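# Examining the three-dimensional arrangement
Below, each chain spelled out in residue letters.
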Amino acid sequence: MRVIRTAPLSLACVAAAALLLTGCETTDMKMGAPGAKTMATGSAAGGATDGASSQLERCAAPLGTVSLTENQQAGWYTILRNEYRLPPTANLLRLLVQQSNCFIVVERGAAGMNAMTRERALMQSGEMRQGSNMGAGQMVASDYGMEPEIIFRNNNAGGVAGSLGGAIGGRYSGLLGALGGSMNTKEASTMLTLIDNRSGVQVAASEGSASKTDFGAVGQLFGGSGGGSLGGYSNTAEGKVISAAFMDAFNQMVRALRSYKAQSVQGQGLGGGGRLGVDGAAAPSQTSAPGGRSGPAGGSMSMRDAQAKLNELGYNVGTPDGAAGGRTTAGLRAFQRDRGIASTGRLDAATMNELSK
């Protein structure tokens, strides 16, 4: 009597099905476009970097200083710290930003600011050795503020394995169901916003995304030697996905900033009333910042008046239209330099004082 052994064949079918599942979803990191294998890595010191990702966008020169802030009361931050046990996103973004050479990072976090305050208190108490200058007036201003946000997703892909298990049948269909039940595609969407700290105007915003598939169940079914090569992401998937998503968002922001053009409100100027006028509202010229000396409009000066005055003084800013465009900004800066005041390019109180003389 012949004995027909079917178990090896069925086990081979299970292994083949597992390989089919791996073909359904790649284990490579996908950042923005499929197939990208990117996450934050390496180091940075000043303008030098080591081991940085080749896919990180870079700038020839910094665009200004930036401070990194997190909304620690947001739901995503709670998930990041309590569920995934990951460090603050500022730690990751500091590395990406400095490696890119697009901004110079300045400290504004609570721990860092407390450390600087402590050192100054020690100096004022007389405990520091002579020559340890920790006095006021040395901190660098933060030109911009960068704020991150994360949207978590975790889509179950068990339906694929369930259908395969039903087709093969037998006792191994349960194993395939277990395999598919724990095969999840972990996704993260991130957002970055860049705010001008002087005006409060949003300069840029970008969105990034990444996904990675976790095949940890394969190793559980077939043992470390049989399925170990299919795993490798089960313990660190969330962190890698978030790193790639933030790099994707940052890269998109850098590409947009390379062709940056300031928004302007024609006629009224930025913050001067807007083009969507409200019936009964004050005229834009009456909402300008007050000056310190007597001048047009009872102690204040509109942008249109300032442009006319600059033209009169030989700083050609074009037709006075109330819009703070590039020519007006350049004219203001030239005037400010000539008068020995801060060259901000803005119509501030000191500039209005000088223009009113």
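What comes next is a walk through the structure.

Thresholds applied
- Residues numbered from 1 in each chain as written.
- Predicted model: local features only at pLDDT ≥ 70, side-chain atom pairs only at ≥ 80, totals over all residues.
- Heavy atoms only, no water.
- Helix = DSSP H or I, 4+ residues; strand = E, 2+ residues; numbered from the N terminus.
- Buried < 20%, exposed > 50% of the residue type's maximum accessible area, 1.4 Å probe, protein only.
- Contact = heavy atoms within 4.5 Å.
- Areas by Shrake-Rupley, 256 points an atom, 1.4 Å probe, with all protein chains shown as cover.
- Arc of directions from axis to C-beta.
- Core = buried A, V, L, I, M, F, W, Y, C linked by side-chain atoms within 4.5 Å.
- Axes fitted to C-alpha atoms, helices over the stretch in contact; angles between N-to-C directions.
- Parallel < 35°, antiparallel > 145°, perpendicular 65-115°, else oblique.
- Left-handed = near helix turned anticlockwise from the far one by under 90°.
- Nonpolar A, V, L, I, M, F, W, Y, C, P; charged D, E, K, R; others polar.

Attention shifts here to the overall build of the protein chain. Looking only at helices and strands, the protein chain has 12 helices and eight strands in total. Counting only residues that meet the buried cut, the protein chain has 35% of its 357 residues in that class. Considering only intrachain contacts with a sequence separation of at least 6, the fraction spanning at least 24 residues in the protein chain is 66%. Total accessible area on the protein chain is roughly 19700 Å²; 51% of this is exposed by carbon and sulfur atoms.

When we look at burial in helix α10 (residues 303-312), the residues that qualify are Met303, Ala306, Gln307 and Leu310. The arc that holds the buried residues of α10, viewed along the axis, is 100°, so those residues lie on one side. Along its buried surface, α10 packs onto α11 (326-339) and α12 (349-355). Positive phi appears at glycine 314, one or two residues downstream of α10, with a value of about 100°.

With that out of the way, let us pick up the nonpolar core. Leu96, Phe103, Met146, Leu192, Leu194, Phe246 and Phe250 are the most contacted members of the largest nonpolar core, which has 36 residues in total. At the level of elements, β4 (65-68), α2 (75-83), α3 (89-100), β6 (144-156), β7 (184-196), β8 (202-214) and α8 (237-258) are the ones that each hand at least two residues to this core. By residue number, the principal contributor to this core is α8, which donates 11 residues. Excluding its chain neighbours within four sequence positions, the residues that come into contact with methionine 146 are Val66, Ser67, Leu68, Thr69, Val97, Leu192, Thr193, Leu194, Phe250 and Met253.

In contact at an axis separation of 11 Å, α10 and α11 are set at 60° when each is read in the N-to-C sense. Judged by the angle between their axes, α10 and α11 are oblique. You can see that α10 and α11 cross each other, and the crossing is left-handed. Every residue of α11 that contacts α10 at Met303, Gln307 and Leu310 is listed here: Thr328, Gly331, Leu332 and Phe335. For the contact of α10 with α11, the residue count by class is four nonpolar, three polar and no charged.

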